[in-house]
Amino acid sequence: MAAGTQQDGCKTMPALSPTSAPIGTLGSHLARRLVQVGVRDVFSVPGDFNLTLLDHFVAEPDLNLVGCCNELNAGYAADGYARAKGVGACVVTFTVGGLSVINAIAGAYSENLPVICIVGGPNSNDYGTNRILHHTIGLPDFSQELRCFQTVTCFQAVVNNLDDAHELIDTALSTALKESKPVYISISCNLPGIYHPTFSREPVPFFLAPSMSNQMGLEAAVEAAAEFLNKAVKPVIVGGPKLRVAKAQKAFLELANACGHAVAVMPSGKGLVPEHHPHFIGTYWGAVSTSFCGEIVESSDAYMFVGPVFNDYSSVGYSLLIKKEKAVVVQPNRVTIGNGPSFGWVFMAEFLCELAKKLKKNTTAIENYQRIFVPHGVPLRYENDEPLRGNILFRHIQSMLNGNTAVIAETGDSWFNCQKLHLPENCGFEFQMQYGSIGWSVGATLGYAQAAKDKRVIACIGDGSFQVTAQDISTMILQKQRSIIFLINNGGYTIEVEIHDGPYNVIKNWNYTAFVNAIFNGEGKCWTTKVRTEEELINAIGVANGAEKESLCFIEVILHKDDTSKELLEWGSRVSAANSRPPNPQ
């Protein structure tokens with residue numbers, strides 16, 4: 001399988017440009033390799049150790065260098081880009097840049113995203129000389145940054161010698177794609193422009209050997225799972241976040257079409273399972289599941305979880321009413337039936353495709369769901385001067401969604417409100433549930449919008465999160481993006497309040513629209529407004545989708561500090577209980 005743009009299980013080589021930058025140097029080789037694996041935009045912050053490398057990226061005609069306001073946002077942008085494009089990349093400088101970006105790289109690692117983190121490193125002559133360099137902690141040992149990255153990347157390449165640079169770079173890129181995890185590449189600052197024979201021709205597209213299941217294990221796993229599910233009365237299938245890393249979305253849909261079982265999604269898998277499917281029943285999140293979904297899943301006599309991650313957040317403080325003996329758990333390369341047996345080296349997409357041929361049609365669970373389901377009540381429309389409420393806001397956001405939009409949900413109450421949005425066919429959806437780093441969404445919106453230019457991103461960001469990473473609104477405007485950002489101003493860290501309240505959860509209020517206008521400064525296309533009522537919200541959405549449809553639109557929404565979804569109230573109390581468990585007696 002050749003490396004290239006991801007197409008849900010297939011990778012195709014992009015056509016190589018005949019107008020490529022001059023070949024023969026390390027810098028030009030790395031630039032071409034990034035293009036070949038599907039990267040078109042690299043998010044960067046310049047520093048003296050990476051400047052000559054950036055020159056080569058600028059010279060590559062198929063590569064766009066996107067300058068960010070800080071390294072953390074550059075990493076978040078590469079994360080968002082990888083979600084839309086299949087792979088992302090960022091470039092920072094040695095140690096001061098590397099240690100700044102590392103939080104974003106850790107988040108990408110937790111979410112199984114192939115992000116290429118490139119660092120401009122020290123001059124190759126300085127290694128082993130006992131010299132102390134700037135941008136370091138004042139020790140002659142230059143390995144601190146490398147040691148930090150070893151815990152959050154799947155491969156690390158320190159390129160300080162041209163003889164093995166070609167091999168190290170290609171190994172790093174191919175490992176990122178195969179493992180679907182970030183990698184770290186350090187390039188000595190004096191090497192990018194030097195000619196070397198190993199770079200003397202256009203890079204030959206490297207080949208990624210396809211991963212094939214153990215055939216006997218695959219057959220045994222399919223037979224065992226089919227027997228387990230076919231004897232069940234009301235089986236259910238639940239999709240999880242590792243559908244992405246396994247590139248198994250199409251296989252999952254094939255299985256859902258074949259078996260007729262009710263189909264749910266874990267919260268962190270939202271956007272990976274088609275919600276327009278006739279058997280889709282909603283988000284399974286234990287006590288805070290969408291209406292009637294939790295009852296159907298937890299009352300089933302057999303459920304198959306495909307690519308799940310069960311952590312304290314997704315399990316609502318370890319309170320799921322799920323029994324292991326009733327579950328088939330399908331991970332990217334392993335299938336476990338009940339309490340056993342377990343089958344290794346069985347790959348998810350192959351397993352689901354083969355299982356689809358063996359399962360009997362069983363629509364009992366979806367029929368039960370349709371029998372008990374009661375449609376949501378429609379919130380009343382309020383008077384023009386009545387303060388806006390959260391449920392009204394998200395009712396109007398729902399009406400904005402179509403196949404040409406994508407939703408980015410920041411950590412906080414937006415998690416819960418956005419889970420209740422019903423995604424039309426081809427509507428994207430992203431949030432960072434495993435790592436849950438507040439502020440992620442600003443950079444991720446930048447990166448996702450840069451990768452998916454055919455979609456208009458709708459970002460729901462709380463005021464507390466926005467204050468962490470607000471600067472890169474600047475980069476969105478510079479890149480002529482047209483996202484719509486709903487800044488939800490409720491005066492603090494609402495999600496933390498519902499877990500454990502204290503004065504530290506209240507933040508200094510900003511004039512957010514004035515802040516964004518100051519960044520805009522009359523250059524580019526940007527429109528801002530502040531809304532307090534439903535009537536103002538309706539007008540703002542009309543302008544954002546009409547006169548300002550080609551602009552970055554920033555809509556500050558004023559909500560009451562206690563206007564909280566019932567799901568967050570329930571979830572917060574359960575997570576608080578899990579966090580506050582006393583020590584086990586010795």
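All of these numbers come straight from a predicted model, not from anything done at the bench.

About the criteria used
- Numbers given for residues are sequential positions, taken from 1 along each chain in its written order.
- In keeping with the model being predicted, local features are shown solely for residues with a pLDDT of at least 70 and side-chain atom pairs are shown and tallied solely at 80 or more, while totals for entire chains, interfaces and linings include all residues.
- Working from all heavy atoms in the structure, the side-chain values ignore hydrogens and water.
- A run of H or I in DSSP becomes a helix once it reaches four residues, and a run of E becomes a strand once it reaches two; helices and strands are each numbered from the N terminus.
- The size measure is the radius of gyration over C-alpha atoms, and the globule rule it meets is 2.2 Å times the number of residues to the 0.38 power.
- Residue burial is assigned from relative accessible area. The probe radius is 1.4 Å, only protein chains are included, and a residue is buried under 20% of its type maximum, exposed over 50%, and partly exposed in between.
- By the convention used here, residues are in contact when the closest approach between their heavy atoms is within 4.5 Å.
- For the accessible areas, the method is Shrake-Rupley and the probe is 1.4 Å, while residue cover comes only from the protein chains on display.
- Think of it this way: Lys and Arg go in the positive column, Asp and Glu in the negative one, and His and the chain ends go nowhere.
- Here the site of a charge means atom NZ of a Lys, CZ of an Arg, CG of an Asp or CD of a Glu.
- We call two N or O atoms a polar contact when they sit within 3.5 Å, provided that within protein one can donate a hydrogen and the other can accept it, with sequence-adjacent residues counted only if both atoms are side-chain atoms.
- Convention adopted: a line fitted to C-alpha atoms gives each axis, helices being fitted over their contacting stretch, and angles between N-to-C directions are expressed from 0 to 180 degrees.
- In what follows, roughly perpendicular refers to angles from 65 to 115 degrees, roughly parallel to angles under 35, roughly antiparallel to angles over 145, and oblique to any angle outside these ranges.
- Crossings are assigned a handedness: left-handed for a near helix turned anticlockwise from the far helix by less than a right angle, right-handed for a clockwise turn.
- Here the nonpolar group is Ala, Val, Leu, Ile, Met, Phe, Trp, Tyr, Cys and Pro; Asp, Glu, Lys and Arg are the charged ones; every other residue, Gly included, is treated as polar.
- Any two strands with at least two DSSP-identified bridges between them are counted as paired.
- Cysteine sulfur atoms are paired as a disulfide whenever they fall within 2.5 Å.
- UniProt positions are given in the numbering used here, feature names are shortened, and annotations may be inferred rather than shown by experiment.

A. The overall build of the chain, seen in detail. Summing up its helical and strand segments, the chain has 21 helices and 21 strands in all. Scaling as 2.2 N^0.38, a compact globule of 586 residues should have a C-alpha radius of gyration of about 25 Å, and the chain matches this with 25 Å. Dimensions of the chain along its principal axes, counting C-alpha atoms only, are 70 × 65 × 60 Å. Relative to its full complement of 586 residues, the chain shows a buried share of 56%. Here the analysis covers contacts within the chain between residues at least 6 apart in sequence; of these, 76% occur between residues at least 24 apart. Carbon and sulfur atoms provide 53% of the accessible area of the chain, an area that totals close to 23400 Å². Taking the average place of the 45 positive charges on the side chains of the chain and the average place of its 55 negative ones, the gap between the two points comes to 5 Å.

B. Just the side chain of Thr528, in detail. Here Thr528 shows up in strand β20 (residues 526-531). In this structure the side chain of Thr528 is engaged in a polar contact, spanning 3.1 Å, whose partner is the side chain of Asn517. Among all residues touching Thr528, those that are not within four sequence positions of it are Thr513, Val516, Asn517 and Phe554.

C. Molecular detail of the packing of helix α1 (residues 26-36) against helix α6 (residues 165-179). Two elements in contact, α1 and α6, have axes whose closest approach is 11 Å; the angle formed by their N-to-C orientations is 20°. With respect to each other, α1 and α6 are oriented roughly parallel. Relative to α6, α1 is oriented so that their crossing is right-handed. Contacts between α1 and α6 involve Leu26, His29, Leu30, Arg33 and Leu34 from the first element and Ala165, His166, Ile169, Asp170 and Leu173 from the second. Residues belonging to the contact of α1 with α6 are distributed by class as follows: six nonpolar, two polar and two charged.

D. How the structure looks around the sheet that holds strand β18 (residues 456-462). Judged by pairing direction, the sheet is parallel, and its six strands sit side by side in the order β17-β16-β18-β19-β21-β20 without closing on themselves. Two strands close off the open sheet at either side, each with one partner strand: β17 (428-430) and β20. Within this sheet the neighbouring strands show an average axis-to-axis angle of 15°, counted without direction. As paired elements, β20 and strand β21 (residues 552-558) share six bridges and run parallel to each other. Bridge pairing in β21 places Trp527 opposite Cys553.

E. Structural context of the state of the cysteines. One pass over the full model with this rule turns up zero disulfides. Of all cysteine sulfurs in the structure, the one in Cys460 sits closest to Cys418, which takes part in no disulfide; the separation is 3.9 Å. Overall, Cys460 belongs to the buried group, its relative accessible area being 0%.

F. Broad picture of the UniProt feature "domain: Thiamine pyrophosphate enzyme N-terminal TPP-binding" (unreviewed entry) in the chain. Annotation from UniProt places "domain: Thiamine pyrophosphate enzyme N-terminal TPP-binding" (unreviewed entry) at residues 25-130. Along residues 25-130, the helical share is 45% and the strand share 20%, with 29 Å between the first and last C-alpha atoms.

G. Main features of the sheet that holds strand β5 (residues 88-93). Strands sit in the order β4-β3-β5-β6-β8-β7 across an open sheet of six strands; the sheet is parallel. The sheet is open, and its two edges are formed by β4 (64-67) and β7 (156-159), each paired on a single side. Between one strand axis and the next, the sheet turns through 20° on average, direction left out of account. Sheet analysis places β7 next to strand β8 (residues 183-188), joined by four bridges and oriented parallel. Counterpart to Val159 in the pairing with β8 is Ile187. Against the sheet, α1 makes contact with β3 (41-44), β5, β6 (115-121), β7 and β8, and its axis sits at roughly 165° relative to β6, the strand it touches most. Where helix α3 (residues 71-85) meets the sheet, it contacts β3, β5 and β6, and its direction lies at approximately 165° from that of β5.

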